[in-house]
Amino acid sequence: MRARILFVEDDAGLRRLLAETMVARGYEVASAGNGEEALTRLEMGDVDVMVTDFHMPGMDGLALCRRVTEAWPDIPVIVLTAFGSLETAVGAIRSGAYDFVTKPVELDALALSVSRAVERRGLKEEVRRLRAQVSLPAGDVIGESPILRKAYAVLERVADAEVPVLVLGETGTGKELAARALHDRSRRRNGPFLAVNAAAVPETLLESELFGHTRGAFTGAQSARKGLFQRATGGTLFLDEVGELPLATQPKLLRALQEKKVRPVGSDEEVAFDARIVAATHRDLQALVEQGRFRPDLLYRLDVVSIELPPLRARGNDVLLLAREFLRRAAASARKPVLGLSPEAARKLLDYAWPGNVRELQNCLERAVALARYDIVTVEELPKRIQEFDPRTALPEAAEPSTFATLDEVERRYIERVLEASGGNQSSAARVLGIDRKTLHRKLAGFADESIANETLEKPPNA
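Residues numbered from 1 in each chain as written. Predicted model: local features only at pLDDT ≥ 70, side-chain atom pairs only at ≥ 80, totals over all residues. Heavy atoms only, no water.

**Q** Hey, could you run me through the overall build of the chain in this one?
**A** If you tally the helices and strands in the chain, you get 19 helices and 16 strands. Of the contacts formed within the chain by residues at least 6 apart in sequence, a portion of 69% connects residues at least 24 apart. Approximately 24500 Å² of the chain is accessible, and the part contributed by carbon and sulfur atoms is 51%. (Helix = DSSP H or I, 4+ residues; strand = E, 2+ residues; numbered from the N terminus. Contact = heavy atoms within 4.5 Å. Areas by Shrake-Rupley, 256 points an atom, 1.4 Å probe, with all protein chains shown as cover.)

Structure follows, in structure tokens:
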């Protein structure tokens with residue numbers, strides 16, 4: 001629907017000129033000759049922006065502006081003032097006006113002000129609509145896509161169960177957030193929630209961090225210390241990036257899960273614990289098992305129930321829901337009046353593949369708010385990689401028919417790109433491609449065999 005502008009101007013000739021100019025630019029126009037007529041017209045509805053003259057008989061522009069902003073706060077008001085009247089302009093802004101334009105009116109300047117006012121109102125309405133629609137499946141997670149709701153439906157069903165849960169998903173998809181949501185919905189919500197990243201703790205210290213140690217157990221152990229398993233008693237222990245666990249630690253973790261007991265480093269006695277275990281990884285654990293880098297019995301013990309978080313690129317309009325929330329937080333933190341995204345910026349965010357998922361999106365919006373010059377984020381404030389991203393590049397054009405790739409080559413390139421974007425996780429890549437993991441494994445093996453065959457054919461006879 002086209003935006004409707006209400007012009008309030010006692011000069012009939014100027015009112016007609018402004019109306020004709022805006023109609024030519026695609027707007028609908030309504031008119032009023034004074035403030036009282038304007039209020040009557042506003043009560044009928046269907047007004048998106050009001051443009052009013054300052055000097056009018058009876059109710060002047062400032063008084064009208066105050067009445068409108070009190071009764072219809074969502075309608076931006078633009079005041080026409082005499083050239084050079086700074087005091088009048090300041091008074092208009094203080095009365096709630098969105099903008100002011102000096103007279104004699106430059107039509108292009110007025111059109112630009114009206115366009116921005118219409119966009120601002122649209123952004124406010126969109127934010128209100130999205131806030132009304134958005135639901136939080138659990139914890140702080142924002143989204144309404146069916147694929148996310150499906151994942152959190154599983155989380156809701158197992159929240160009160162005591163079984164171990166394995167959270168799967170690419171880096172940046174919010175695995176720890178899901179684990180916290182699981183804890184908050186469980187009977188253990190009043191207990192501690194402790195987290196450890198197996199990839200971030202040196203192998204020499206990991207066992208002590210998990211199971212604790214006695215005094216003098218190693219150099220620097222000046223006193224006994226409880227491990228995370230004991231400290232999480234009554235609550236939840238979140239083991240992030242379990243795919244990075246050293247092989248030497250895996251059997252000890254398996255025994256702890258089976259026996260509900262741990263043996264601190266340097267101790268001959270086991271200590272009981274009562275913590276729910278939630279693990280997470282972005283790695284393909286089954287592939288690690290096949291490579292001999294992860295114990296199958298530990299996988300079975302951790303993967304009693306699995307919850308798979310979708311990548312951001314598969315969540316559709318959740319990108320914009322998250323973007324607006326991150327923008328709101330960043331604007332509040334930076335104390336900048338940034339209200340939303342321009343349509344072009346929103347389209348760029350929707351088109352981008354988001355290999356870093358939600359974490360990358362959050363960083364992107366924090367950067368955009370820091371660089372923003374206006375009350376909306378434009379394409380110019382987005383990172384260059386997002387500005388220049390073209391979703392069509394998966395199928396590049398060729399100048400000559402002879403330079404086109406074969407279907408097999410296009411498939412190979414596309415699978416490799418999806419696998420790279422999935423961080424090497426074959427299960428995630430298979431889901432994006434719409435095939436099962438075994439089929440993907442077979443295709444990759446075929447690519448490898450073909451590469452070896454080509455290398456053999458290309459070798460000189462005496463090589």
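That covers the picture; the talk isn't over yet.
**Q** Could you clarify how one ought to interpret helix H18 (residues 426–433) in this entry?
**A** Because the α-helix completes a turn every 3.6 residues, residues three or four places apart line up on one side. Among the residues making up H18, those that are buried are Gln-426, Ser-427, Ser-428, Ala-429 and Ala-430. At the C-terminal side of H18, Gly-434 shows a positive phi close to 80°. (Buried < 20%, exposed > 50% of the residue type's maximum accessible area, 1.4 Å probe, protein only.)

**Q** Would you mind showing me how to read the sheet that holds strand E5 (residues 99–103) here?
**A** By way of backbone hydrogen bonds, the strands of a sheet pair with one another, either parallel or antiparallel. Within the open sheet, the five strands sit side by side as E2-E1-E3-E4-E5. Their pairing is parallel. Two strands bound the open sheet, and with one partner strand each, they are strand E2 (28–32) and E5. In this sheet, adjacent strand axes meet at a mean angle of 20° when their direction is disregarded. With four bridges connecting them, strand E3 (residues 49–53) and strand E4 (residues 77–82) associate as parallel partners. When the sheet's bridge partners are listed, Met-50 is paired in E4 with Val-77. (Pairing = 2+ DSSP bridges. Axes fitted to C-alpha atoms, helices over the stretch in contact; angles between N-to-C directions.)

**Q** Looking at this structure, I do not really get the packing of aromatic side chains. What am I missing?
**A** The relative placement of two aromatic rings is captured by the distance of their centres and the angle of their planes. Scanning the entire structure with this criterion turns up five aromatic pairs. When the ring of Phe-193 is compared with that of Phe-238, the centres are 6.3 Å apart and the planes differ by 20°; the resulting orientation is stacked. Of this pair, Phe-193 sits in strand E7 (residues 193–197) while Phe-238 sits in strand E10 (residues 236–240), and the two are 45 residues apart along the sequence. Across the pair, exposure class does not vary: Phe-193 and Phe-238 are buried alike. (Phe/Tyr/Trp six-rings, centres within 6.5 Å; stacked < 30°, edge-to-face > 60°.)

**Q** Where do I start with helix H13 (residues 318–334) in this structure?
**A** With 17 residues, H13 extends 24 Å between its outermost C-alpha atoms, agreeing within 8% with the 24 Å of an ideal straight helix rising 1.5 Å per residue. Within H13, twelve of the 17 residues are buried, which leaves it mostly tucked inside the rest of the structure. All of the buried residues along H13 are Asp-318, Val-319, Leu-320, Leu-321, Leu-322, Ala-323, Arg-324, Glu-325, Phe-326, Leu-327, Ala-330 and Ala-331. Where H13 terminates, the next one or two residues include Arg-335, which has phi positive at roughly 55°. (Expected span 1.5 Å × (residues − 1).)

**Q** I'm lost on the sheet that holds strand E6 (residues 165–168) in this one. Help?
**A** Strand order across the open sheet formed by five strands is E7-E10-E13-E6-E14, with parallel pairing between neighbours. Edge positions in the sheet fall to E7 and strand E14 (305–308), since each has one partner strand and no second. Direction aside, neighbouring strands of the sheet carry axes that sit 20° apart on average. In the sheet, E6 pairs with E14 via four bridges, with the strands oriented parallel. Note on E14: the bridge partner recorded for Val-165 is Val-305.

**Q** Any chance you could explain the environment of Gly-235 here in plain terms?
**A** Its location among the elements puts Gly-235 in the loop between helix H9 (228–231) and E10. C-alpha separation for the pair Gly-235 and Arg-189, spaced 46 residues apart in sequence, amounts to 6.9 Å. Apart from the residues within four sequence positions on either side, Gly-235 is in contact with His-183, Arg-188, Gly-191, Pro-192, Asp-274, Ala-275 and Arg-276.

**Q** When you look at unusual backbone geometry in this model, what are you seeing that I'm missing?
**A** Working note: non-glycine residues mostly have negative phi, and peptide bonds are mostly trans. Cis peptide bonds are those with omega within 30 degrees of zero, and the linkage from Lys-103 to Pro-104 qualifies with 5°. Considering the arrangement of structural elements, one finds Pro-104 in the loop between E5 and helix H5 (107–133). Within the chain, Asp-46 stands out as a residue other than glycine whose phi angle is a positive 60°. With respect to the secondary-structure elements, Asp-46 resides in the loop between helix H2 (35–43) and E3.

**Q** Sorry, what's going on with the nonpolar core here?
**A** Grouped burial of nonpolar side chains is what soluble globular proteins tend to show. Counting residues in each nonpolar core, the largest one holds 31 residues, and the members touching the most others are Phe-229 and Leu-239. If we ignore the near neighbours within four places in the chain, the residues touching Leu-239 are Val-196, Leu-210, Leu-253, Ile-277, Val-278, Ala-279 and Ala-280. Counting residues in each nonpolar core, the second largest holds 29 residues, with Leu-312, Leu-341, Val-369 and Val-377 among its members. (Core = buried A, V, L, I, M, F, W, Y, C linked by side-chain atoms within 4.5 Å.)

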